[in-house]
Amino acid sequence: MSAFLDGALRPRLGVTLGVIAFALVEIAALGLLVTPDVVAHLEPGVLARNVDDDGAALTHALVTAQRAPDRSAHIALVGASSMREAFWHIDTLRDAVAGALEVPDASALGAFDLTSGGQALAESLAVLRALPETPHGAVVLGIGPGTLYADRAELQARFEHPTSALAVDDMNAVARVLGMPERVSTGVYFFDHLQFFVSRPQVPVRLAVGAVAPRRHRYLGRVQWTDERWGERVDALRVGFERRARDNALVSAHLVALEQTLTHLQRQTQWRPILLEPPLAPRALPALAEARRAAHALVAPLAARLGVPLVDLDAEAALVDEDFHDYTHLRSEEAMRRYEKRLAALVARHLSGPNPSAVRP
Amino acid sequence: MTSPRVARALGIALQIIVLGQLLVIALGGLYAASAGARVFRYAGF
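This report concerns the structure included in the present document. (Residues numbered from 1 in each chain as written. Chains lettered and ligands numbered in written order. Predicted model: local features only at pLDDT ≥ 70, side-chain atom pairs only at ≥ 80, totals over all residues.)

Considering the overall build of chain B
Thought 1: Per the secondary structure count, chain B includes 1 helix and 0 strands.
Thought 2: Relative to its 45 residues, chain B shows a buried fraction of 18%. (Helix = DSSP H or I, 4+ residues; strand = E, 2+ residues; numbered from the N terminus. Buried ≥ 20, exposed ≤ 12 C-beta atoms within 10 Å, placed from the backbone.)

Here it is in structure tokens:
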């Protein structure tokens, strides 16, 4: 026992060198072993720092989508929290699409939830660029004033400090158009996303004791904003949108990046894009209708030119103020399912439209 | 019964593994702090 303690506790030059060698070998091993294939095989909650870690959820969902077996059709949703909270679950959405298409087995459809809280439009575009080329499918991108108008400093931070492990090349393709900083790719997944992984040091513990269950909805069951809260927040939102909208160069660059990405999807892949304006509470219209109208006016000509639908489902889903926690996030399962039903019908129409590769029941 | 030589070698190996692991964690933490690595935090509305 004393010999063991002597070995374990006494400092030695050889031990110091051994510690450094061990660390180098472990870092090299992480570079070799942590690959997108490995991440795709993990449970979704293993990477998550906590139940609300949407960056980890998006990372996992995207590598899973990229490796999904080919099915008769695929569905993907991309966007920020307003999109995440607009439908109940990607599986129930898939079931509803299958029902609308009269596909007897819903598992014949692949479905991917690529929404995440705070997802910038630039990140959404990088996600769209990362979609695999071959599966035939419909991808819905949430776009409105909340994402089209970006704060330049916040956006720059997203490129310098990514919150999800989106491919460097895809982020750089968007960064070039937006005038944002590009990163150098090492060609090694782990090192390309070092910031992502080092900010999640709990992964080995999760592997040992089990993954957390990611929380899908943050606003479920919450009360509506009080009158006081509306007074405090809605004008601040309007002022924020107006300030961001004045950065004409950045707004124009976003539109260029959007057009390039949609064109890429149409020419290089079999995904058919749909642009969806996220829900907006009727009560917010007096303050935010102008921002929404202005964003719509900027995107609509581009969408028309490319033949991409630009859709607002709020009226069709009969959304009322009671359905919302705040100005854009739905707060009840009933409202989410109601919206999801309309969304499924939209996706089904799009999938079964006049396209040679459209899904056939 | 393990010989003293083997016991000492096991102790050294344990020390290398524990300190090596701590070094990796420390390096990761230093990199995260210096690079300003972020996890998106829900701030609420």
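Re the overall build of chain A
Thought 1: Of regular secondary structure, chain A possesses 17 helices and 5 strands.
Thought 2: Taking 2.2 N^0.38 as the reference for a compact globule, 361 residues should give roughly 21 Å; the C-alpha atoms of chain A span a radius of gyration of 23 Å, in line with that estimate.
Thought 3: When the backbone C-alpha atoms are referred to their principal axes, chain A occupies close to 80 × 50 × 40 Å.
Thought 4: In chain A, the proportion of contacts linking residues at least 24 apart, taken out of those at least 6 apart, comes to 81%. (Rg over C-alpha atoms; globule rule 2.2 N^0.38 Å. Contact = placed C-beta atoms within 7 Å.)

Things to note about the pairing of strand E3 (residues 137-142) of chain A
Residue and element names in this part refer to chain A.
Thought 1: Extensive coverage of E3 is indicated by the burial of 6 of its 6 residues.
Thought 2: Covered by surrounding structure in E3 are Gly137, Val139 and Leu141 together with Ala138, Val140 and Gly142, the residues of both alternating faces.
Thought 3: Here 5 bridges tie strand E1 (residues 73-79) to E3, and the two strands are oriented parallel to one another. Its bridge partner lying in E3, valine 78 is registered against leucine 141. (Pairing = 2+ DSSP bridges.)

A few points about the interface of chain B and chain A
Thought 1: Across the boundary between the two partners, chain B contributes 28 residues, which contact 30 residues of chain A.
Thought 2: A per-class count over the side of chain B that touches chain A returns 21 nonpolar, 5 polar and 2 charged. (Nonpolar A, V, L, I, M, F, W, Y, C, P; charged D, E, K, R; others polar.)

Section: the packing of helix H7 (residues 121-130) of chain A against helix H10 (residues 168-178) of chain A
Residues and elements named next belong to chain A.
Thought 1: Direction vectors running N to C along H7 and H10 enclose 135°, while the axes themselves pass 8 Å from each other. Judged on the interaxial angle alone, H10 and H7 are oblique. In this structure, H7 crosses over H10, and the sense of that crossing is right-handed. Counting all contacts with H7, which are made through Ala122, Leu125, Ala126, Arg129 and Ala130, the residues of H10 involved are Asp170, Met171, Ala173, Val174 and Leu178. (Axes fitted to C-alpha atoms, helices over the stretch in contact; angles between N-to-C directions. Parallel < 35°, antiparallel > 145°, perpendicular 65-115°, else oblique. Left-handed = near helix turned anticlockwise from the far one by under 90°.)

Quick word on the nonpolar core
Thought 1: Counting 97 residues, the largest nonpolar core has A:Val97, A:Leu114, A:Tyr339 and A:Val347 as the members making the most contacts within it.
Thought 2: Among the elements that line this core, the one with the most residues is helix H17 (residues 333-351) of chain A, at 9 residues.
Thought 3: The contact partners of A:Val347, leaving out residues within four places of it in the chain, are A:Ile75, A:Val97, A:Ala138 and A:Val140.
Thought 4: Listed in part, the 6 residues of the second largest apolar core include A:Val19, A:Ala23, B:Ile12 and B:Ile16. (Core = buried A, V, L, I, M, F, W, Y, C linked by C-beta atoms within 7 Å.)

A look at the pairing of strand E2 (residues 109-115) of chain A
Residues and elements named next belong to chain A.
Thought 1: Buried residues dominate E2, accounting for 7 of its 7 residues.
Thought 2: By the bridge criterion, 7 bridges tie E1 to E2 in an arrangement that is parallel. If you follow histidine 74 over to E2, its bridge partner there is glycine 110.

Some remarks on the sheet that holds strand E5 (residues 310-312) of chain A
Residues and elements named next belong to chain A.
Thought 1: Taken in spatial order, the 5 strands of this open sheet run E2-E1-E3-E4-E5, and their pairing is parallel. Edge positions in the open sheet fall to E2 and E5, since each of these has one partner strand only. Strand-to-strand twist of the sheet, defined as the mean angle between neighbouring strand axes without regard to direction, takes the value 20°.
Thought 2: Relative to E5, strand E4 (residues 271-277) runs parallel, the two being bridged by 3 bridges. Its bridge partner lying in E5, glutamate 277 is registered against aspartate 312.
Thought 3: Here helix H4 (residues 54-66) sits on the sheet in contact with E1 and E2, set at roughly 150° to E2.

What to know about the packing of helix H6 (residues 90-100) of chain A against H17(A)
Axes are the key here: two packed helices are described by the angle between their axes and the distance separating the axes.
Residues and elements named next belong to chain A.
Thought 1: Interaxial distance between H6 and H17 falls to 8 Å at its minimum, and their mutual angle equals 50°. Relative to H17, the element H6 lies oblique. H6 and H17 meet at a crossing whose hand is right-handed. Contact with H6, carried on its side by Thr92, Leu93, Ala96, Val97 and Ala100, involves Glu340, Lys341, Leu343, Ala344, Ala345, Val347 and Ala348 of H17 and no other residues of that element.
Thought 2: Residue classes in the contact of H6 with H17 are distributed as 9 nonpolar, 1 polar and 2 charged.

Quick notes on unusual backbone geometry
All names here are of chain A.
Thought 1: Even without a glycine there, the phi angle at glutamate 102 is positive, about 60°.
Thought 2: Inspection of the secondary structure puts glutamate 102 in the loop between H6 and E2.
Thought 3: A tally of 9 C-beta atoms within 10 Å means that glutamate 102 is categorised as exposed.
Thought 4: The phi dihedral of alanine 318 falls on the positive side, at around 50°, and the residue is not glycine.
Thought 5: With respect to the helices, strands and loops of the structure, alanine 318 is situated in the loop between E5 and H17.
Thought 6: Taking the C-beta count within 10 Å as the criterion, alanine 318 has 12 such neighbours and is therefore assigned exposed.

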